Amino acid sequence: MGFFDKLFGSFDNALPKVHLDDSDIAAPAGGTIIDVKTLPDPVFADEVLGKSVAFHHDGDSAVICAPANGVIRQLFPTGHAFQLETKEGVWIMVHVGIDTVNEKGNGFKLYGKKKGDAVSAGDPIVKVDLAKLSEKYDMSTILVITEDNGKAFDFLESGKVQRGQSILKKNA
């Protein structure tokens with residue numbers, strides 16, 4: 001950590017605020033939406049855990065953020081995954097990379113959030129060293145609705161997205 005980081009904090013903590021309705025879900029980071037069926041892990045590709053959408057990130061690192069307003073219900077100390085519950089009772093898991101749990105946190109930096117913390121869409125949760133981890137792993141980020149609380153979700157199927165951008169199709 002450099003002198004200015006110690007003095008002022010990391011610039012990653014100064015990400016612009018995201019304003020999202022409590023019923024909306026956002027991209028956890030900038031990137032491109034990819035088809036989950038193309039993922040090399042059948043649990044994700046077959047949406048065994050729930051309705052899913054996947055992202056590919058460009059660049060050497062990514063800050064993965066809360067995809068909705070809610071409360072963190074699970075945060076792995078390895079940084080590879082977290083789960084939150086929205087204010088509407090929907091549970092969302094964000095999983096960074098395939099099999100990255102095997103790194104035991106190497107290549108991930110948590111931002112100090114913990115289980116039980118309230119978060120807003122766009123709040124940084126973990127920074128990922130994509131350059132390092134992509135040498136060994138598929139670094140797709142997967143967002144999974146693990147509990148839909150009776151709500152239907154229709155995700156965008158392709159295209160570039162920015163952190164905090166809604167990834168739900170809008171009904172015409």
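Bear in mind the structure is a predicted one, so any value in this text is a computation, not a measurement.

Chemist: Sorry, what's going on with the overall build of the chain here?
Modeler: Tallying secondary structure elements over the chain gives 3 helices and 11 strands in all. When the helices and strands of the chain are read in sequence order from the N terminus, they spell out α-β-α-β-β-β-β-β-β-β-β-α-β-β. Among the 172 residues that make up the chain, the fraction classed as buried is 49%. The contacts in the chain between residues at least 6 apart in sequence include a share of 71% that link residues at least 24 apart.

Chemist: I tried to follow the nonpolar core on my own but got confused; where do I start?
Modeler: Within soluble globular proteins, side chains that are nonpolar generally end up buried alongside one another. Judged by nonpolar contacts, the single largest core of 34 residues is most densely connected at Ile25, Ile64, Val128, Leu143, Phe155 and Ile167. Only strand 2 (52–56), strand 3 (61–65), strand 4 (70–75), strand 5 (81–86), strand 6 (91–96), strand 9 (124–129), helix 3 (130–133) and strand 10 (141–147) provide two or more residues apiece to this core. Those residues in contact with phenylalanine 155 that sit more than four places away from it in its chain are Ile25, Lys51, Ser52, Val53, Leu143, Ile145, Ile167, Leu168 and Lys169.

Chemist: What should I look at first to understand the sheet that holds strand 3 in this one?
Modeler: In any sheet, the strands associate via hydrogen bonds between backbone groups, in a parallel or an antiparallel arrangement. Strand order across the open sheet formed by 3 strands is 3-9-7, with antiparallel pairing between neighbours. Pairing within the sheet leaves two strands with one partner each, and these edge strands are strand 3 and strand 7 (108–110). Going across the sheet, the axis of each strand differs from the next one's by a mean of 20°, ignoring polarity. In the sheet, strand 7 pairs with strand 9 via 3 bridges, with the strands oriented antiparallel. The partner of lysine 109 across the bridge, within strand 9, is lysine 127.

Chemist: Help me understand the sheet that holds strand 10, please; the structure alone is not making it clear to me.
Modeler: Spatial ordering of the open sheet is given by 8-4-5-6-10-2-1-11, a layout of 8 strands whose pairing is antiparallel. On the outer flanks of this sheet lie strand 8 (118–119) and strand 11 (159–161), each paired with one strand and no other.

Chemist: What exactly am I supposed to notice about the side chain of aspartate 117 here?
Modeler: By secondary structure assignment, the location of aspartate 117 is in the loop between strand 7 and strand 8. A polar side-chain atom of aspartate 117 sits 2.9 Å from the main-chain amide nitrogen of lysine 114.

Chemist: Could you clarify how one ought to interpret the environment of asparagine 149 in this entry?
Modeler: Checked against the element boundaries, asparagine 149 lands in the loop between strand 10 and strand 11. Judged by relative accessible area, asparagine 149 falls into the partly exposed class, the value being 41%. Residues asparagine 149 and glutamate 88, spaced 61 residues apart in sequence, show a C-alpha to C-alpha distance of 7.8 Å. Ignoring sequence-local partners within four residues, the contact set of asparagine 149 consists of Glu88, Gly89 and Val90. Within polar-contact distance, the side chain of asparagine 149 engages the backbone oxygen of glutamate 88 at 2.7 Å.

Parameters at a glance
Within any chain, residue numbers begin from 1 and follow the written order of that chain's sequence. Reporting of local features is limited, given that this is a predicted model, to residues whose pLDDT is at least 70; pairs of side-chain atoms are given and counted only at 80 or more, and all residues count toward the totals for whole chains, interfaces and linings. Think of the side-chain values as coming from all heavy atoms in the structure, minus any hydrogens and water. Starting at the N terminus, helices and strands are each numbered in turn, a helix being any DSSP run of H or I of at least four residues and a strand any DSSP run of E of at least two. Each residue's exposure class comes from its accessible area (1.4 Å probe, protein chains only) as a fraction of the maximum for that residue type: buried when under 20%, exposed when over 50%, partly exposed otherwise. Contacts: residue pairs with any heavy atoms within 4.5 Å of one another. Side-chain atoms within 4.5 Å are what join buried Ala, Val, Leu, Ile, Met, Phe, Trp, Tyr and Cys residues into a set we call a nonpolar core. Here, any two strands with at least 2 DSSP bridges between them count as paired. Convention adopted: a line fitted to C-alpha atoms gives each axis, helices being fitted over their contacting stretch, and angles between N-to-C directions are expressed from 0 to 180 degrees. Polar contacts here mean pairs of N or O atoms no more than 3.5 Å apart (in protein, one a potential hydrogen donor and the other a potential acceptor; neighbouring residues in sequence count only if both atoms are side-chain atoms).

Remember, this is a structural readout, not a statement about activity or role.
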